[in-house]
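# Secondary and tertiary structure notes
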Amino acid sequence: MKKAAYLLLLFFFCGAAYADDDGEREHHKKEHGHSAASVTNPTYEEVCGSCHFAYQPWLLPSASWKKILAGAEDHYGNAIQMDGGQEKEVAGFLLANAADKSSNKRSKKILKSLDGQVPLRITDVPYIAKKHHDLSRAILARPSIAGLQNCSACHRTAPQGVYDDDNVIVPP
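A short tour of the structure in this document, coming up. Remember, it's a predicted structure, so these values are computed and weren't measured experimentally.

In contact at an axis separation of 9 Å, helix α2 (residues 42-49) and helix α4 (residues 84-96) are set at 105 degrees when each is read in the N-to-C sense. Relative to α4, α2 is oriented roughly perpendicular. In this structure, α2 uses Thr43, Tyr44, Glu46 and Val47 to contact α4, whose residues at the interface are Gln86, Glu89, Val90, Phe93 and Leu94. Grouping the constituent residues of the contact of α2 with α4 by class yields five nonpolar, two polar and two charged.

And the structure:
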């Protein structure tokens with residue numbers, strides 16, 4: 001009986017400690033920018049997300065988004081179809097939430113890595129390239145991944161703006 005009571009108390013206190021740790025972890029993530037908001041603009045999701053993953057704006061600086069939008073008639077071989085209202089809304093969303101406007105810790109690392117560069121692709125951001133340096137071309141060429149630009153293939157929580165290593169599963 002004493003042994004059962006001891007185990008029950010041990011279980012209770014260990015469970016409470018674990019619960020506190022989880023809360024601490026979430027607090028740490030929020031405080032230190034390890035997570036960020038998901039994309040919250042339906043027009044951006046509709047226009048851009050219809051062809052590819054709707055990247056969070058904080059992954060590129062304003063200057064990059066401006067260049068990308070300026071080249072909308074030839075966006076990697078395709079024209080982006082937007083009316084004037086959609087174009088204004090998408091541009092406003094991207095520019096207001098770009099890396100240089102974000103307090104996200106990763107945005108700050110992205111900006112620092114750019115050293116003045118204005119990349120047109122998120123995969124050209126030195127910080128992002130460095131984080132993925134250990135992935136071979138063979139892994140990235142897998143049909144289940146189809147390239148570094150397909151964030152959500154491995155980062156299962158990418159749509160929520162969470163790119164923590166804890167949430168990575170490299171598919172076969």
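Now that the structure has been shown, we can carry on.
Tyr44 and Leu59 are the most contacted members of the largest nonpolar core, which totals 28 residues. If you list the elements that add at least two residues to this core, you get α2, α3 (62-70), α4, α5 (105-114) and α6 (126-131). Of the residues forming this core, the biggest block, four residues, is contributed by α4. Those residues in contact with Leu59 that lie beyond four places of it in its chain are Ile110, Ile122, Val125, Ile128 and Tyr163.

A few words now on the packing of aromatic side chains. Within this structure, the stated rule accounts for three aromatic pairs. Measuring from ring centre to ring centre gives 5.4 Å for Tyr44 and Phe93, while their planes differ by 40 degrees; the resulting arrangement is tilted. Placement of the pair is Tyr44 in helix α2 and Phe93 in helix α4, with a sequence separation of 49 residues. Here the two residues Tyr44 and Phe93 agree in accessibility, since each one is buried. Centroid distance Phe53 to Tyr55: 5.3 Å. Interplanar angle 80 degrees. Geometry classified as edge-to-face. Accessibility classification places Phe53 together with Tyr55 in one group, the buried group.

The rules behind the values
Residues numbered from 1 in each chain as written. Predicted model: local features only at pLDDT ≥ 70, side-chain atom pairs only at ≥ 80, totals over all residues. Heavy atoms only, no water. Axes fitted to C-alpha atoms, helices over the stretch in contact; angles between N-to-C directions. Helix = DSSP H or I, 4+ residues; strand = E, 2+ residues; numbered from the N terminus. Parallel < 35°, antiparallel > 145°, perpendicular 65-115°, else oblique. Contact = heavy atoms within 4.5 Å. Nonpolar A, V, L, I, M, F, W, Y, C, P; charged D, E, K, R; others polar. Core = buried A, V, L, I, M, F, W, Y, C linked by side-chain atoms within 4.5 Å. Buried < 20%, exposed > 50% of the residue type's maximum accessible area, 1.4 Å probe, protein only. Phe/Tyr/Trp six-rings, centres within 6.5 Å; stacked < 30°, edge-to-face > 60°.

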